[in-house]
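Architecture and fold: a report
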Amino acid sequence: MYNQYENVLHGVLRYEQTQNSIIIISSILIFALVFFVAFKYTPKATTNKLIMYIVIAILVLSFIGYIIYYWVYTSNIEKDIEDKNYVVYSGTFTHDNFQKDSFYHNIYIFDDDGHKYRLNYPDYGNQYKTYREFEILPFDTFNGTIVYTKNSRIVLEWSISNDE
């Protein structure tokens, strides 16, 4: 069973690395274009140069923030793979349809005190073949069992109980 979980996590990592590589390369190209335009075609007026410096600073800080977020998220996935940090939750959970076309969907679980926790349900529709044995989890509230990772909170497996 653990091998199946690792396959799901490796599938998510592959997707994240591909998507984030595209975003990072695009960001570098946009930054280079803005930098070129700022210093090649901006008039010598101090106000325009100041505005361009501010725009460049915002782009650089956004890029750095994104890199940090990506590093933390993927390192959590890698830590879950290495340490086999799997949590089994039995109880009520909800699969919402807020992000119908997204790679990630949200599944919410509820603890004994009624607090709601968000889990990531990747690859809805199994387009990227993340799950070997795949059955679509409908949008609804269920009683059942979910296996997810402790650090990255990625749903690995679910089963719905038939008792009401």
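Remember, it's a predicted structure, so these values are computed and weren't measured experimentally. (Residues numbered from 1 in each chain as written. Predicted model: local features only at pLDDT ≥ 70, side-chain atom pairs only at ≥ 80, totals over all residues. Heavy atoms only, no water.)

**Looking at the pattern of salt bridges**
The full count for this structure, using the stated rule, is one salt bridge. Glu6 is the salt-bridge partner of Lys84, the closest N and O atoms lying 2.4 Å from each other. Of this pair, Lys84 sits in the loop between α2 (46–83) and β1 (86–95) while Glu6 is found in helix α1 (residues 2–40), placing the two residues 78 residues apart along the sequence. Overall, the relative accessible area of 17% leaves Glu6 in the buried class. (Salt bridge = Lys/Arg side-chain N within 4 Å of Asp/Glu carboxyl O. Helix = DSSP H or I, 4+ residues; strand = E, 2+ residues; numbered from the N terminus. Buried < 20%, exposed > 50% of the residue type's maximum accessible area, 1.4 Å probe, protein only.)

**Quick notes on the nonpolar core**
Grouped together as the largest cluster of nonpolar side chains are 13 residues, with contacts concentrated most on Leu9, Ile77, Tyr86, Ile154 and Leu156. For this core, the secondary-structure elements that each account for two or more residues are α1 and α2. Looking at which element gives the most residues to this core, the answer is α1, with five residues. Not counting residues within four places of it along the chain, the set of residues in contact with Ile77 comprises Leu9, Val12, Leu13, Ser152 and Ile154. (Core = buried A, V, L, I, M, F, W, Y, C linked by side-chain atoms within 4.5 Å. Contact = heavy atoms within 4.5 Å.)

**Concerning the sheet that holds strand β4 (residues 140–149)**
Taken in spatial order, the five strands line up as β3-β2-β1-β4-β5 in an open sheet, and their pairing is antiparallel. In this open sheet, the two strands that pair with only one neighbour each are β3 (116–122) and β5 (155–160). On average, each strand axis in the sheet is tilted by 45 degrees relative to the strand beside it, whichever way the strands run. (Pairing = 2+ DSSP bridges. Axes fitted to C-alpha atoms, helices over the stretch in contact; angles between N-to-C directions.)

**Let's talk about the pairing of β4**
In regular strands, side chains alternate between the two faces of the sheet. Bridge analysis of β1 against β4 gives ten bridges, and the strand direction is antiparallel. Looking at the pairing, His95 lines up with Asp140 of β4.

Structural measurements only, silent on function.
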